[in-house]
Amino acid sequence: MTSRLSRARHKLLTELQSHGLDNNVVLDAMDSVARESFVAGSFEEEAYADKCFPIGHQQTISSPYVVGWMTHKLDVQKTHKVLEIGTGSGYQTAILCKLARRVYTVERVESLSQSAEKRLHAMGFFNFSTEVGDGSLGWKNQAPFDRIMVTATSPTVPQNLIDQLAPTGIMVIPVGHSDDTDQRLMKITKDEEGQVTQELLGYVKFVPLVGEQGHTDKDLKSSVRSS
Ligand code: SAH
């Protein structure tokens, strides 16, 4: 890494801290993952701006603040088995790999999943498994999960994901339509008895979760027509 990029990374982390992200475990994980490896070459210089970037297939890598904030709210421990929906570039996967025992990550676009896997292996991450498919259905034969992170917005919280969350588990998921300027970032908690509670964390903007328990292709086409 050039010293310019390393200075930019340091500056970004200080900025995130001054915006209230005071979780050192998450900040250290973000400090140890080279974000420039996940953004297209033309955006490399800006990799440490607090911005999201296109990653192809009309998808985006989330801004560092959103990654940090969602990871903080997920409260991942070294013993945890984590399910991530929406592998995308693999940046969020890398942060989760730093914190968890193992990460199971599902992506519907095959080429994104393959390049994320290759990139993560090249960076020395091996405590994860990828799957190409509809993550709104979860990953049934690996369930239950201690933590679930969804990085695409769903019309409602998919029941399959609630079912695959372990007792005392936490899920963080954006809920709303892709056109909504304010999607709700929700924290779903399951207690020892399996009782589920929901908490509104704030407002975000994500690409849609497209799938059986997410948005249908038809929803998206009609929203394009009506906008
Ligand atoms: N976390 C990613 C950004 C994700 S963008 C990163 O750090 O780069 C959202 C991703 O969710 C996109 O790659 C999109 O293709 C994927 N996606 C959308 N619907 C999905 C579904 N039903 N199952 C799995 N992945 C899905």
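Just above sits the structure.
Attention in this report is confined to the structure presented alongside it.

**Let's talk about the environment of Asp31**
One can find Asp31 in helix 2 (residues 24–31). In sequence terms Asp31 and Ser89 are 58 residues apart; their C-alpha atoms lie 17 Å from each other. If we skip the residues at most four places from it in the chain, Asp31 touches Arg9 and Leu13.

**Some points on the pattern of salt bridges**
For the structure shown, the criterion picks out 3 salt bridges. One salt bridge connects Arg9 with Asp31, and the closest N-O pair in it is separated by 3.7 Å. Residue Arg9 is located in helix 1 (residues 3–18), and its partner Asp31 is located in helix 2; the two are separated by 22 residues in the primary sequence. In this structure Arg9 comes out as buried when scored by relative accessible area, which is 13%. Residue Asp31 is classed as partly exposed on the basis of its relative accessible area, which comes to 36%. The partner of Lys11 in a salt bridge is Glu15, with the nearest N and O atoms 3.7 Å apart.

**As for the pairing of strand 4 (residues 102–107)**
For strand 4, the buried fraction is high: 5 of the 6 residues fall into the buried class. Bridge count for strand 3 (residues 81–85) against strand 4 is 5 bridges, and the pairing is parallel. Within strand 4, the position partnered with Ile85 by the bridge is Val106. With helix 4 (residues 91–99) bridging strand 3 and the parallel strand 4, this β-α-β connection has right-handed handedness. Handedness of the β-α-β unit built from strand 4, helix 5 (residues 110–122) and strand 5 (residues 128–132) comes out right-handed.

Calculation notes
- Residues numbered from 1 in each chain as written.
- Predicted model: local features only at pLDDT ≥ 70, side-chain atom pairs only at ≥ 80, totals over all residues.
- Heavy atoms only, no water.
- Helix = DSSP H or I, 4+ residues; strand = E, 2+ residues; numbered from the N terminus.
- Contact = heavy atoms within 4.5 Å.
- Salt bridge = Lys/Arg side-chain N within 4 Å of Asp/Glu carboxyl O.
- Buried < 20%, exposed > 50% of the residue type's maximum accessible area, 1.4 Å probe, protein only.
- Pairing = 2+ DSSP bridges.
- Right-handed = clockwise from strand over helix to strand, strands pointing away.

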